[in-house]
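Geometric and topological summary
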Amino acid sequence: MKNIIITGGAGFIGSHVVRLFVNKYPDYHIINVDKLTYAGNLANLKDIEDKPNYTFVKADICDFETIMGIFKKYNVDGVIHLAAESHVDRSIKDPFTFAQTNVMGTLSMLQAAKLTWEQIPEKWEGKRFYHISTDEVYGALEMTDPEGIEPPFTTKASSGKHHLAYGSKFFTEDLKYMPHSPYSASKASSDHFVRAFHDTYGMPTIVTNCSNNYGPYQFPEKLIPLFINNIRHRKPLPVYGKGENVRDWLYVEDHARAIDLIFHKGTIAETYNIGGFNEWKNIDIIKVVINTVDRLLGRKEGEDMDLITYVTDRAGHDMRYAIDSSKLQRELGWEPSLQFEEGIEKTVKWYLENQAWMDNITSGEYEKYYESMYGNR
Ligand code: NAD
Ligand code: TYD
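Everything quoted here is computed from the prediction, not taken from an experiment.

A look at the site of ligand 1
Surveying the vicinity of ligand 1 reveals 29 residues, the closest of which are Ile 13, Asp 34, Ser 86, Tyr 183 and Lys 187. Contacts to ligand 1 include Asp 60, whose side-chain N or O atom sits 2.9 Å from a nitrogen atom. Within the side chain of Ser 86, an N or O atom sits 2.6 Å from an oxygen atom of ligand 1. Here ligand 1 has 840 Å² of accessible area as a free molecule, and 97% of this is covered by the chains. Where the shell around ligand 1 is concerned, the elements lending two or more residues are α1 (12-24), β5 (128-134), α5 (182-201) and β9 (212-214). For the shell around ligand 1, the leading source of residues is β5, giving three residues.

In structure tokens, the structure reads:
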């Protein structure tokens, strides 16, 4: 039996990873370590909470003594580290929390793993510390057009696959880190610590940097769930700036599949980029979401377009993110399984069918907090 800690398992991506591992590997013991911040929600794991190979431990990753205790108690073999503060807008208002959780919390996990694994005779053998990071550490890409063609143009990734792109450059694993937001700066710093633990102590680490995820159980402060819920209630849709910024979207279960594959087959000390080859301007994705919600609610398609409200841009708003994940395709054979149209349909359906999940989050304390942060929109 393998004992694996998954941190941040009550959050959006973490809950999909926990579900996948608990169901797929009955002989693993999955220990979900989560502080249950505003973003952590055990309702995300209702379907697996009674499984015999699953344990939930409420703990703060920054609390080093408690984390050491968890390593000792469960004889931990591997870590998949997702716990983090994850929302750029919050990091702009409160950078300290991001440095604390994302940097010091990661260091606390690393040090606990090191002190525990160093003491056993086989040391690093069979052990693995896998850190989940973001493409935002690479900074922002230009919207450029190499040959005078109006973007989006079709380009060819090094895997040979054609896809739409809004620029001629992509994030590859060898790029220098150029984070701009307090969120991405904190994630960049945590990535460096993870690599330093490999280079200094020989800890078997892996880092992956993934693009924007979407799908069920995402906290409704992020673009897609926030907008689905606002359209349902006919509330304004706050589009930052001109809505021209480009993000590369990946269905969350495809990310979880990549994490499973890399945890088991990835090469120690390597970095893998994970992305959807799926670039969209915010305004275009918003129109697709409006049409889909309207259709599924039996409204006239597009009748809620007038909810679009252009608001002041996010400070330091990165223009374009675009991942080149051909290394992962080439070396481990991973590809996104869902076309975006299918993924967005599944996602909208899920939020509309799980209104109780959404209402539970958007009522009460959270609503008050949201209004204090962003006003009543
Ligand atoms: P999320 O905000 O939905 O969930 C974060 C989880 O971490 C929550 O359950 C929260 O309670 C927990 N947590 C926060 N601080 C903690 C602490 N001090 N101790 C223990 N638990 C704590 O985040 P997400 O969107 O699921 O992202 C998960 C990871 O993936 C993060 O590391 C993020 O940087 C990375 N990532 C996210 C995306 C994305 O599009 N969402 C893309 C690439 C990478
Ligand atoms: P978000 O979901 O916050 O992810 P990230 O900033 O990590 O990419 O935002 C996705 C894009 O949508 C980003 O360009 C900011 C934009 N956005 C809006 O225009 N309005 C909103 O209310 C939110 C939350 C995001």
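Re unusual backbone geometry
Following Pro 151, the chain continues to Pro 152 via a peptide bond in cis, the omega torsion being 5°. On the secondary structure map, Pro 152 appears in the loop between β5 and β6 (153-156). The backbone of Leu 36 shows a phi angle near 55°, a positive value even though the residue is not glycine. Tracing the sequence through the fold places Leu 36 in the loop between β2 (28-34) and β3 (54-58). For Arg 234, which is not a glycine, the phi torsion comes out positive at approximately 50°. Mapped onto the elements, Arg 234 comes out in the loop between α6 (223-232) and β10 (237-240). On the basis of relative accessibility, which here comes to 42%, the residue Arg 234 falls in the partly exposed class.

Examining the environment of Ile 149
With respect to the helices and strands, Ile 149 occurs in the loop between β5 and β6. On the basis of relative accessibility, which here comes to 41%, the residue Ile 149 falls in the partly exposed class. Residues Ile 149 and Phe 21, 128 residues apart in the sequence, show an inter-C-alpha distance of 45 Å.

Things to note about the sheet that holds strand β8 (residues 205-210)
For sheets, the rule is that strands pair by backbone hydrogen bonds, running either parallel or antiparallel. The seven strands are arranged β3-β2-β1-β4-β5-β8-β12 in an open sheet whose pairing can be described as parallel. Each edge of the sheet is formed by a strand with only one pairing partner; in this case those strands are β3 and β12 (271-274). Shown here is a sheet whose adjacent strand axes are inclined to one another by a mean of 20°, direction ignored. Pairing of strand β1 (residues 2-7) with β2 involves six bridges; the strand directions are parallel.

Looking at the site of ligand 2
Taken together, 18 residues lie near ligand 2, and Glu 136, Pro 238, Arg 247, Arg 314 and His 317 sit nearest. The contact in question runs from an oxygen atom of ligand 2 to an N or O atom on the side chain of Asn 282, over 2.9 Å. One nitrogen or oxygen atom from the side chain of His 317 is found 2.7 Å from an oxygen atom belonging to ligand 2. The protein chains hide 96% of the 500 Å² of surface that ligand 2 would expose on its own. Contributing elements (two or more residues each) for the shell around ligand 2: α6 and β10. Taken together, the residues that form the shell around ligand 2 break down as eight nonpolar, five polar and five charged.

A few points about the sheet that holds strand β11 (residues 246-251)
Strand order in the open sheet formed by three strands is β9-β11-β13, and the pairing between neighbours is mixed. Pairing within the sheet leaves two strands with one partner each, and these edge strands are β9 and β13 (279-281). Strand-to-strand twist in this sheet, taken as the mean axis angle between neighbours without regard to direction, amounts to 50°. Examined bridge by bridge, β9 and β11 share three bridges and lie parallel to one another. Residue pairing in the sheet places Asn 213 in a bridge with Leu 250 of β11.

A few points about the pattern of salt bridges
If you walk through the whole model with that rule in mind, you get 19 salt bridges. Between Lys 46 and Glu 49 there is a salt bridge; the shortest N-O distance is 3.1 Å. The class of Lys 46 is exposed, set by a relative accessible area of 53%.

Observations concerning empty space enclosed by the protein
Under the counting rule described, the total for this entry stands at two cavities of 30 Å³ or more. If you add up the space inside the second largest cavity, you get close to 40 Å³. Lining of the second largest cavity is provided by Val 88, Glu 136, Ser 181, Arg 247, Arg 314, Ala 315, Gly 316, His 317, Asp 318 and Tyr 321. Counted by class, the lining of the second largest cavity contains three nonpolar, three polar and four charged residues.

Side note on the layout of surface pockets
Space inside the largest pocket adds up to approximately 400 Å³. Looking at the largest pocket, it is lined by 22 residues, and the ones nearest its centre are Gly 276, Phe 277, Asn 278, Gln 339 and Phe 340.

What counts, and where the lines are drawn
- Counting restarts for each chain, with residues numbered from 1 along the sequence as it is written.
- By the order in which they are written, chains take letters starting at A while ligands take numbers starting at 1.
- Residues qualify for local features only when their pLDDT is at least 70, as the model is predicted, and side-chain atom pairs are given and counted only at 80 or more; totals for whole chains, interfaces and linings, by contrast, use all residues.
- Working from all heavy atoms in the structure, the side-chain values ignore hydrogens and water.
- Any residue with a heavy atom positioned within 4 Å of a molecule or strand is treated as near that molecule or strand.
- For this analysis, a polar contact is any N or O atom pair within 3.5 Å, provided that within protein one partner can donate a hydrogen and the other can accept it, and provided that sequence-adjacent residues contribute only side-chain to side-chain pairs.
- Computed by Shrake-Rupley with a 1.4 Å probe, the accessible areas treat only the displayed protein chains as cover when residues are assessed.
- We count a stretch as a helix when DSSP gives it H or I for four or more residues in a row; a strand needs E for two or more, and each element gets its number in order from the N terminus.
- Exposure categories follow from relative accessible area, calculated using a 1.4 Å probe and restricted to protein chains: below 20% of the type maximum is buried, above 50% is exposed, and the middle band is partly exposed.
- One requirement defines pairing of two strands: DSSP has to find at least two bridges between them.
- Here an angle of 0 to 180 degrees is reported between the N-to-C directions of two axes, which are lines fitted to C-alpha atoms, with helices fitted over the stretch in contact.
- Charged means Asp, Glu, Lys or Arg here, nonpolar means Ala, Val, Leu, Ile, Met, Phe, Trp, Tyr, Cys or Pro, and polar covers whatever is left, Gly included.
- Salt bridges are identified by distance alone: a Lys or Arg side-chain nitrogen within 4 Å of an Asp or Glu carboxyl oxygen.
- For cavity detection a 1 Å grid was placed over the protein atoms alone, and a set of points counts as a cavity when a 1.4 Å probe fits there but cannot get out; an open set counts as a pocket when protein lies on both sides within 12 Å along at least five of seven lines, with lining residues being those that have an atom within 4 Å of a point.
- Grid points are joined across faces, edges and corners, and a volume is the space filled by probe spheres set on the points.

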